[in-house]
Amino acid sequence: MEMVLALLVSGIVVLLVLLGLFVFGLRRRLIQRSGGTFDCSLRWNVPEDDPEPAGKGWVYGVARYSGDRIEWFRVFSYAPRPRRVLERDSIEVLERRTPQGEEELALLSDAIVLGCAHRGTRLELAMSEDALTGFLAWLEAAPPGQRVNVA
């Protein structure tokens, strides 16, 4: 009897793990369904006097273009809504750099770090060179009359 109970509990645990993985995959597929997505790590509320980043605070995610906004979703989350929303006319690009020190371990191997400000909050986005080219083109493609803040 104990053996049957142990097998039943083990089977339920395996089923729940598989269901969780399926939901992760389904969520990502739904986010990417409309197109215009790219892998993008985010570090929010970065101190201005951060001379050597320690690799802490980076969160891996997927960003999606949505009109004049970028919607950023955490990869390891079940939330259907974006964690952060960045409006094109509020993004100011401050710097561009390669990952330094421990950041190289925290980010994807081909990442470029873009230091930005958004509504008074300093943040950093890390993305591939191709994604960066698309992001900067999207920023500069603001409708006439909107200010563009690309350094």
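About the cut-offs
Residues numbered from 1 in each chain as written. Predicted model: local features only at pLDDT ≥ 70, side-chain atom pairs only at ≥ 80, totals over all residues. Heavy atoms only, no water. Salt bridge = Lys/Arg side-chain N within 4 Å of Asp/Glu carboxyl O. Helix = DSSP H or I, 4+ residues; strand = E, 2+ residues; numbered from the N terminus. Buried < 20%, exposed > 50% of the residue type's maximum accessible area, 1.4 Å probe, protein only. pLDDT = per-residue confidence, 0-100.

Attention shifts here to the pattern of salt bridges. Enumeration according to the criterion identifies 9 salt bridges in this entry. Here R119 ties to E87 by a salt bridge, and the two come within 3.0 Å at their closest N and O atoms. Taken together, the residues span a long stretch of sequence, with R119 in the loop between β7 (112–118) and β8 (121–127) and E87 in strand β5 (residues 84–87) at a distance of 32 residues. What makes R119 exposed here is its relative accessible area of 61%. Through salt bridges that share partners, R43, R97, E103 and E124 make up one connected network.

Moving on: the confidence of the model for the protein chain. Residues at a pLDDT of 70 or more form 87% of the protein chain, whose mean pLDDT is 85. Confidence, expressed as mean pLDDT per element, reaches its minimum in the protein chain at helix α1 (residues 2–32) with 79 and its maximum at β5 with 96.

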